[in-house]
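Topology and contacts: notes
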Amino acid sequence: MTQLQDEVRRALREIADAPPPAGLAAAAIARVRRRRRRIAAAVTGAAVVFVSVTIGLSTAAVRPDPQWQADPPISATLAPDRWVVAAYSGLTPGSATKEQADWTVARNPATGAYRTVPYRLVTSAPAGDRMLVTDRGVRGGILDANTGRTAWIDGYSNDVLDASWSPDGRTIALTVSRKDDGAFGFALLDVGRRHVGQLVEVDTTGGPFVWAPDGQSLVISPTHSSGDEALPDVVENLSHFDLTGRLLRTVPITAGAVRATSDFSPDGGRIAMSDWVSQRIVVVDARTGGVVARPATGAMVGWYDDNHLVMYDSLGTMVVVDLAGTVVHTYDIPAEARNPSTMVLVPRR
Amino acid sequence: MDAEARRDFTAFVEARSAALFRTAMGLTGHRQQAEDLLQSALAKAFRHWPRVRDGHPEAYLRQAMYRQQISWFRRPGWGREIVSDRLPEHGATDRTAHVDLRLGLREALNLLPPKYRAVLVLRYLEDLPDDEIAVILRCKPVTVRTQASRALDRIRELCPELEHHLIEENRR
């Protein structure tokens, strides 16, 4: 190493020694959303266009999952009185590396024992007996929680962004963003027939598509850029679509985005969501959009009953709160479940 | 993009933003340009996040930044104006010779073509071997060595006080 090289090294280190700006991730996400909207506007002349979708489930192979029997059960203390934790998965900090594989802890409904499977949980059937899982986005399959078998889906691709299991357990709505042409919409997966329908392209962006509690329509929270890259996108409303992609109605819900059917209260009358700016949970009237309550700061898990929520508080503790924000129950959960990417609660049988 | 991917992506960026921004600063030498370069690479990564996260996301981002920086250099208009949030300091009279040297060296680095600068950053900031640099810059290792040598020669030309300083150092 020459002295000149030493001087260059020192100079570069001095130049590079600068703290990063805040909000880098939010700004990058906002850029992508703006680009996706531009693509959608260029491609879709009509409001809804039917095109073929590349994902399919025609010849799914069924095989036993060896991991199912291999791992010891975790603590069974997760179960609250009326709800049971069907599954949770971990992805957050440090997971975005090749070394740390996806994992999902799933409950066998027959025995109540928990097992770890090396896949990422996408969504669960309402009863918690079947789960859509993905193996690093490369393949997707349906895990039977009773048998531990996974039926892999031929042609599953990372065009699938998210999924929502219908209340009757028969259909999965897949939110799809096709990378080839930027087409955005949903496709319906018939679980029984193992068949994926055509992509129903919808002239909106945001997401994901989520089953409404009536099981007859899908809802989505369209978004647009806030104009400030450091801030999250703005939620425009809550849009209801029928299963052909026809817009049925919009509700002025702008505090946050609906991300799962479990955001709806058991009676379907209210929706709980996280306010994107304040990170506070906001409860709104599902019909009018009017704000009913702002119980607490934290992350939503689901409704305990029509007057209580299950949520993570700011310390990562899973609690039950009433709509005034009073904690009425605290769960004893393993450390690994304190900050999951997905937590699924199902009614105890 | 689904909430899970957004959370995962955000967590990754928060964990690695300091290191990534360091690379961007090394490549551009200017905070605004570094932020723009890094955000552009992050947006590209987020568009393909399900695939990127299963590979080596940090390596992907570094490669994207290096290639983007060289690509931007080819755009019309690049380099016609260098924005700065500091006033030029050449007229100052109370600087020490050492500060003179450091400023001169920084200015020389700023005047290098991006590909030369990228080679120096990869070699002396990232400490990568020439074989890996060649993969990132899509060239042969011998080209890396040639460009590094030319970049150092160019710095000598642009920063003559550095040469004097080194000669003085050797005499001591």
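Above this text you will find the structure in question.
A short tour of the structure in this document, coming up. (Residues numbered from 1 in each chain as written. Chains lettered and ligands numbered in written order. Predicted model: local features only at pLDDT ≥ 70, side-chain atom pairs only at ≥ 80, totals over all residues. Heavy atoms only, no water.)

This brings us to the overall build of chain A. Broken down by element type, chain A carries three helices and 28 strands. Buried residues in chain A amount to 56% of all 349 residues. Here chain A displays about 14,600 Å² of accessible surface, and carbon together with sulfur accounts for 51% of that area. (Helix = DSSP H or I, 4+ residues; strand = E, 2+ residues; numbered from the N terminus. Buried < 20%, exposed > 50% of the residue type's maximum accessible area, 1.4 Å probe, protein only. Areas by Shrake-Rupley, 256 points an atom, 1.4 Å probe, with all protein chains shown as cover.)

What follows covers the overall build of chain B. Along its length, chain B carries nine helices and zero strands. Seen in sequence order, chain B has helices and strands lined up from the N terminus as α-α-α-α-α-α-α-α-α. Residues classed as buried in chain B amount to 46% of the 172 residues present. Excluding contacts between residues fewer than 6 apart, the proportion of contacts in chain B whose partners are at least 24 apart in sequence is 65%. (Contact = heavy atoms within 4.5 Å.)

A few words on helix 1 (residues 3-28) of chain B. In this model, helix 1 of chain B (26 residues) spans only 33 Å end to end at C-alpha, well below the 38 Å of a helix rising 1.5 Å per residue. Of the residues flanking the end of helix 1 of chain B, it is Gly29(B), one or two places downstream, whose phi is positive at about 75°. (Expected span 1.5 Å × (residues − 1).)

Another point: the nonpolar core. If you look at the biggest cluster of nonpolar residues, it comprises 60 residues, and the most contacted ones within it are Val8(A), Phe9(B), Leu120(B), Leu137(B) and Ile155(B). When residues of this core are assigned to their parent elements, the largest contribution, nine residues, is made by helix 1 of chain B. Excluding residues within four positions of it along the chain, Leu137(B) makes contact with Tyr66(B), Ile70(B), Lys115(B), Ala118(B), Val119(B) and Leu122(B). By size, the runner-up hydrophobic cluster in this structure holds 29 residues, among which are Ala86(A), Val117(A), Trp152(A) and Ile333(A). (Core = buried A, V, L, I, M, F, W, Y, C linked by side-chain atoms within 4.5 Å.)

Right, let's talk about the pattern of salt bridges for a bit. Residues and elements named next belong to chain B. Evaluation of the coordinates by the stated rule reveals 15 salt bridges over all chains. Residue Arg16 is joined to Glu58 by a salt bridge in which the shortest nitrogen-to-oxygen separation is 2.7 Å. Of this pair, Arg16 sits in helix 1 while Glu58 sits in helix 4 (residues 57-73), and the two are 42 residues apart along the sequence. For Arg16, a relative accessible area of 30% puts it in the partly exposed group. Its relative accessible area of 12% is what places Glu58 among the buried residues. (Salt bridge = Lys/Arg side-chain N within 4 Å of Asp/Glu carboxyl O.)

Looking now at the packing of aromatic side chains. Tallied over the full model, the rule gives seven aromatic pairs over all chains. Ring centres 4.7 Å apart and planes at 55° place the aromatic pair Phe9(B) and Phe46(B) in the tilted group. Taken together, the positions of Phe9(B) in helix 1 and Phe46(B) in helix 2 (residues 31-47) put the pair 37 residues apart, joining distant regions of the chain. A relative accessible area of 0% means that Phe9(B) is categorised as buried. Assessed through its relative accessible area of 1%, Phe46(B) is described here as buried. Members of the aromatic cluster, each reached through a chain of ring pairs, are Phe184(A), Phe186(A), Phe209(A) and Phe241(A). The ring of Trp152(A) is capped by Arg139(A), whose NZ or CZ atom sits 3.9 Å from the centre of that ring. (Phe/Tyr/Trp six-rings, centres within 6.5 Å; stacked < 30°, edge-to-face > 60°. Lys NZ or Arg CZ within 6 Å of the ring centre and 35° of its normal.)

All names here are of chain A. The antiparallel open sheet is built from four strands, whose spatial order is 24-25-26-27. Only two strands of the sheet have a single partner each, and these edge strands are strand 24 (299-305) and strand 27 (327-330). With direction set aside, neighbouring strand axes in the sheet form an average angle of 25°. Both strand 24 and strand 25 (residues 308-312) contribute to a ladder of five bridges, which runs antiparallel. Of the residues in strand 25, the one forming a bridge with Asp305 is His308. (Pairing = 2+ DSSP bridges. Axes fitted to C-alpha atoms, helices over the stretch in contact; angles between N-to-C directions.)

Looking now at the interface of chain B and chain A. Listed by partner, the interface residues are 57 residues for chain B and 48 residues for chain A. Taking both partners together, chain B and chain A bury about 4,800 Å²; carbon and sulfur atoms supply 61% of that area. Applying the counting rule to chain B against chain A returns two salt bridges. For the interface between chain B and chain A, the tally reads four residue pairs in polar contact (both at pLDDT 80 or more). Taken together, the elements giving at least two residues each to the side of chain B that touches chain A come down to helix 1, helix 2, helix 3 (49-52), helix 5 (97-111), helix 6 (114-125), helix 8 (141-158) and helix 9 (160-171) of chain B. (Buried area = accessible area lost by both parts, 1.4 Å probe. Polar contact = N/O pair within 3.5 Å; in protein donor to acceptor, adjacent residues only side chain to side chain.)

Here the focus is the pairing of strand 5 (residues 114-117) of chain A. All names here are of chain A. Sheet topology places strand 4 (residues 103-107) next to strand 5; four bridges connect them, and they run antiparallel. Bridged to Thr104 within strand 5 is Val117. Joining the antiparallel neighbours strand 4 and strand 5 is a turn of six residues, in which Gly112 adopts a positive phi near 80°.

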